[in-house]
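Fold and contact review
The primary structure of each chain is shown beneath.
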Amino acid sequence: MGKNVYIENISKYIGKEVEIRGWLYNRRSSGSIIFLLIRDGTGIIQCIVSKNDVKPEIFKSAQNVTQESSLIIKGKIRKEERAIGGYELFTNNIKILQIVSDYPITPKSHGVGFLMKNRHLWLRSKRQHAILRIRAEVIKASRDYLDNNGFINIDAPILTPAACESTSTLFETKYFDQMAYLSQSGQLYNEATIMSFGKVYCYGPTFRAEKSKTRRHLMEFWMIEPEMAYFDWEDNMKLQEDYVTYIVQTVLNKRKSELHVLNRDLSKLENIKPPFPKISYDKAIDLLRKKGKDIGWGEDFGGDEETIISESFDKPVFIHHYPMQCKAFYMKPDPERPEVSLSNDLIAPEGYGEIIGGGQRVDDIKLLKKKIKEHNLPMDAFKWYLDLRKYGTVPHSGFGLGIERIVAWMCKLKHIRETIPFPRLLYRIYP
RNA sequence: UCCCCGGUAGCUCAAUUGGUAGAGCGUACGGCUGUUAACCGUUAGGUUGCAGGUUCAAGUCCUGCCCGGGGAGCCA
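What this report covers is the structure whose coordinates are included nearby. (Residues numbered from 1 in each chain as written. Chains lettered and ligands numbered in written order. Predicted model: local features only at pLDDT ≥ 70, side-chain atom pairs only at ≥ 80, totals over all residues. Heavy atoms only, no water.)

Thoughts on unusual backbone geometry
Put simply, P274 and P275 share a cis peptide bond, and its omega is 0°. In this chain, Y430 is followed by P431 through a cis amide linkage whose omega measures 0°. Of note in this structure, N376 is not a glycine but carries a positive phi near 55°.

What follows is the structure, given as structure tokens:
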């Protein structure tokens, strides 16, 4: 009895004896009464150890136990307004598994460098715990939405044979007696699998060996990439709108307490419902010029431009019909206006940048060959990709959503590094 | 690759025109029966990132290097 009780369910055990297995989060004492804050992975509960009500050796244990010591504590649960979480455990026994000395992360302030060096321990703190629970919910909501809407999860390889795209820098690795590269995207493979399954998505890590050092960039990040046969660029945007709405509303419903830990303004998220504003690249240029940004037609948007655009709307905003030169070789040109593509980005509000990039793909084999040549890509490497336009080609579209970027927005974080358990950054690959 | 900023106690930071390296937190010990990053008292804790230079004297000024932070470029 009392076993397998977790703090998140503690309200079911009022008046009952339970056993909590966890770690000491903090301790306060006032002479004959000691307050132990215990965390167990699901929450934090305040435990009272009263000198007059426990055996002397139990009280002594409570005096000696230090931050992050592992322990099993037993006692009766009661409602208590004064305690964080609203419940309290009235201790009658403590079993200490390990007394910790010199835990590096104290309840006072620390700098980023120090915390990153101790990322393996930082993850135990309340804030990091909340962020990563929200991350898990974003991923779950993402998959639930797609699984419930006729998509099948077909994952793409991480080790790939050739540099499939021009400018981006790839991480190289040995593959026995040849070279291989870590995946930058599963999209090209998705384009193959939709011809078998119709609607698919892949979910996995992607790697960019770019020497970017900003709050929006990681060297290794996770992307979910849906791809759909017989979807045009407008079907594609409609799907993105529904999908992002589902993720936001699900996190809002299921992770309120975590959002509360982060002091997130919930009204900003409650507002995220269709329709999202949709503007063409041309209109976006007009908007930027109106706001005083000197930008020429054909230039891609950087962090500054994305911020200006996102701050002009209170919902995510689609920008579509980017100039061909801003996008990858496989993006389909608008038949009416071949200098622009049937592409779109989705820019998150509140100054967060691009969370989605997508578009309709080239489905004509002649045009695709031409694009591969124009981009100086090795035709041999794309033989299989060209086959997809040779054997039953169809109009198709897809997009990629950056998990860390959307989590950063949901949590309103200053830096993307807190959205992934162990971030890989330009000058940091430890721990 | 470029620009800006930083490196002083375990952590967060201070140190006037170059003039005896200091505080808070944490640790250790003690006190307190309702604490909320509790509080109060006492204690210990330092080759000021590294190397060289200027000076009677360098944490402070100069040069080089190392490490880190923010940003640009880059980024389907």
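The discussion continues.
Some points on the sheet that holds strand β8 (residues 172-175)
Taken together, the 3 strands give an open sheet; going across it, the order is β7-β9-β8, and neighbouring strands pair in antiparallel fashion. Every other strand in the sheet has two partners, leaving β7 (159-160) and β8 as the edge strands with one partner each. Sheet topology places β7 next to strand β9 (residues 178-182); 2 bridges connect them, and they run antiparallel. Bridge assignment links T160 to a residue of β9, and that residue is Y181. (Pairing = 2+ DSSP bridges. Helix = DSSP H or I, 4+ residues; strand = E, 2+ residues; numbered from the N terminus.)

Describing the layout of surface pockets
One number sums up the size of the second largest pocket: a volume of about 730 Å³. Residue lining of the second largest pocket: 28 residues in total, with T42, G43, I44, S257 and V261 positioned closest to the centre. Elements represented by at least two residues in the lining of the second largest pocket include exactly β1 (17-29), β2 (33-39), β3 (44-50), α4 (126-147) and α7 (256-261). (1 Å grid on protein atoms, 1.4 Å probe; cavity = no way out; pocket = protein on both sides within 12 Å on 5 of 7 lines; lining within 4 Å. Points joined across faces, edges and corners; volume = space filled by probe spheres on them.)

Observations regarding the packing of helix α6 (residues 233-254) against helix α13 (residues 403-411)
Relative orientation of the contacting elements α6 and α13 amounts to 45°, with a least axis distance of 12 Å. Judged by the inter-axis angle, α6 sits oblique to α13. For the crossing formed where α6 meets α13, the hand is right-handed. Residues V244, I247, V248 and V251 of α6 form the contact with α13, whose own contacting residues are I406, W409 and M410. Of the residues contributing to the contact of α6 with α13, the split by class is 7 nonpolar, no polar and no charged. (Axes fitted to C-alpha atoms, helices over the stretch in contact; angles between N-to-C directions. Parallel < 35°, antiparallel > 145°, perpendicular 65-115°, else oblique. Left-handed = near helix turned anticlockwise from the far one by under 90°. Contact = heavy atoms within 4.5 Å. Nonpolar A, V, L, I, M, F, W, Y, C, P; charged D, E, K, R; others polar.)

Details of the packing of aromatic side chains
Under the criterion given, the structure shown has 16 aromatic pairs. With 5.3 Å between their ring centres and 70° between their planes, F329 and Y330 make a pair best called edge-to-face. An identical accessibility class is assigned to F329 and Y330; each is buried. Here F382 and Y385 contribute two aromatic rings whose centre-to-centre distance is 6.2 Å and whose plane-to-plane angle is 65°, an arrangement assigned as edge-to-face. You can call F382 buried: its relative accessible area is 0%. Linked through ring pairs, Y189, F329, Y330, F382, W384 and Y385 together constitute an aromatic cluster. Stacked on the ring of Y322, the Lys or Arg K327 has its end atom at 4.3 Å from the ring centre. The residue whose ring lies beneath R389 is Y385, and the NZ or CZ to ring-centre distance is 4.2 Å. (Phe/Tyr/Trp six-rings, centres within 6.5 Å; stacked < 30°, edge-to-face > 60°. Buried < 20%, exposed > 50% of the residue type's maximum accessible area, 1.4 Å probe, protein only. Lys NZ or Arg CZ within 6 Å of the ring centre and 35° of its normal.)

So, the sheet that holds β1
The strand order around the closed barrel built from 5 strands is β1-β2-β3-β5-β4, with neighbouring strands paired in mixed fashion. Taken over all neighbouring pairs, the strand axes of this sheet differ in orientation by 55° on average, direction set aside. Where helix α1 (residues 56-64) meets the sheet, it contacts β1, β2, β3 and β5 (87-98), and its direction lies at approximately 80° from that of β5.

Focus on a positive patch on the surface
Judged by side-chain charge, K369, K373, K383 and K390 come together as a positively charged surface patch. Sorting the residues of the positive patch by element identifies α11 (365-374) and α12 (383-390) as the ones contributing at least two each. As for its placement among the helices and strands, K373 is situated in helix α11. Residue classification places K373 among the exposed residues on the basis of a relative accessible area of 59%. (Patch = residues over 30% accessible without salt bridge, like charges linked within 9 Å, V, L, I, M, F, W, Y side chains within 5 Å. Areas by Shrake-Rupley, 256 points an atom, 1.4 Å probe, with all protein chains shown as cover. Salt bridge = Lys/Arg side-chain N within 4 Å of Asp/Glu carboxyl O. Lys, Arg positive; Asp, Glu negative; His and termini not counted. Charge placed at Lys NZ, Arg CZ, Asp CG, Glu CD.)

What to know about the pairing of strand β17 (residues 354-360)
Within β17, 5 of the 7 residues are buried, leaving the element largely enclosed by the surrounding structure. Looking at chain direction, strand β16 (residues 343-347) and β17 are connected through 5 bridges and run antiparallel. When the sheet's bridge partners are listed, I347 is paired in β17 with E354.

Overview of helix α10 (residues 303-310)
Turning to α10, its buried residues are G303, E305, E306, I309 and S310. Around the axis of α10, the buried residues are gathered within 165° of arc, so they sit on the same side. On its buried face, α10 sits against α9 (281-290), β13 (317-320), β16 and β17. (Arc of directions from axis to C-beta.)

Considerations on the nonpolar core
V138, Y243, V244, I406, W409 and M410 are the most contacted members of the largest nonpolar core, which has 45 residues in total. Secondary structure elements with two or more residues in this core: α4, β10 (199-207), β11 (220-229), α6, β17, β18 (396-402) and α13. The greatest single-element share of this core, amounting to 9 residues, is contributed by α6. Dropping the residues within four chain positions of it, V244 is found in contact with F276, L346, I356, L401 and W409. If you look at the next biggest cluster of nonpolar residues, it comprises 23 residues, including V5, I7, V65 and L71. (Core = buried A, V, L, I, M, F, W, Y, C linked by side-chain atoms within 4.5 Å.)

Structural notes on the packing of α4 against α13
Packing of α4 against α13 brings their axes to within 10 Å, and their N-to-C directions diverge by 125°. Overall, the two elements α4 and α13 adopt an arrangement that is oblique. In terms of crossing hand, the pair formed by α4 and α13 is right-handed. Facing α4, whose interface residues are I131, I134, R135, V138 and I139, α13 presents I403, E404, I406, V407, M410 and C411. Looking at the contact of α4 with α13 residue by residue, the classes come out as 9 nonpolar, no polar and 2 charged.

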